[in-house]
Amino acid sequence: RPPTLQHSVKRPIHRRLGGQNIQTPFISAIFAASMEQGRDIDDPEVLADLAAQNNVMSRAEALSFIESDELAKKVEDMSTAAHAKGVTGVPVVIIDGKLAVSGSQSCDIYVQV
């Protein structure tokens, strides 16, 4: 089943996670786990392992955070805002807050936009 990213979205948007130097490798690890290793990144256990392996937080802290409602409203608001802009999948690039280019596109498409 495709991951919903409900849980995995919470970590990168949370400011206490050490900023870009920690978040970028963590996000890369999430994508690698899903796309290269076929792991279920909607599984809290998988995400807790990835968080611990990437020095984001301990496994126990990650599990506690994932199961909390700490950022539920923020995630829902971000999802609603994205849907309002016409985002229904990834990847998507929004240009000047107006134009959404969905899917993997060639450079020619971006030149035309």
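In the block above lies the structure referred to throughout.
Computed from a predicted model, the values in this text were never measured in an experiment.

Cut-offs used in this document
- Residues numbered from 1 in each chain as written.
- Predicted model: local features only at pLDDT ≥ 70, side-chain atom pairs only at ≥ 80, totals over all residues.
- Heavy atoms only, no water.
- Axes fitted to C-alpha atoms, helices over the stretch in contact; angles between N-to-C directions.
- Helix = DSSP H or I, 4+ residues; strand = E, 2+ residues; numbered from the N terminus.
- Parallel < 35°, antiparallel > 145°, perpendicular 65-115°, else oblique.
- Left-handed = near helix turned anticlockwise from the far one by under 90°.
- Contact = heavy atoms within 4.5 Å.
- Expected span 1.5 Å × (residues − 1).

(A) Spotlight on the packing of helix H2 (residues 20–36) against helix H3 (residues 44–53). Two elements in contact, H2 and H3, have axes whose closest approach is 10 Å; the angle formed by their N-to-C orientations is 140°. If you check the angle between H2 and H3, you find them oblique. As for the relative orientation of H2 and H3, their crossing is right-handed in sense. In this structure, H2 uses Phe 26, Ala 29, Ile 30 and Ala 33 to contact H3, whose residues at the interface are Leu 47, Leu 50 and Ala 51.

(B) Representation of helix H5 (residues 72–84) within the structure. Over its 13 residues, H5 runs 18 Å from end to end, which matches the ideal 18 Å to within 8%, given 1.5 Å per residue. Note on H5: the residue one or two positions beyond its end, Gly 86, has a positive phi of about 90°.

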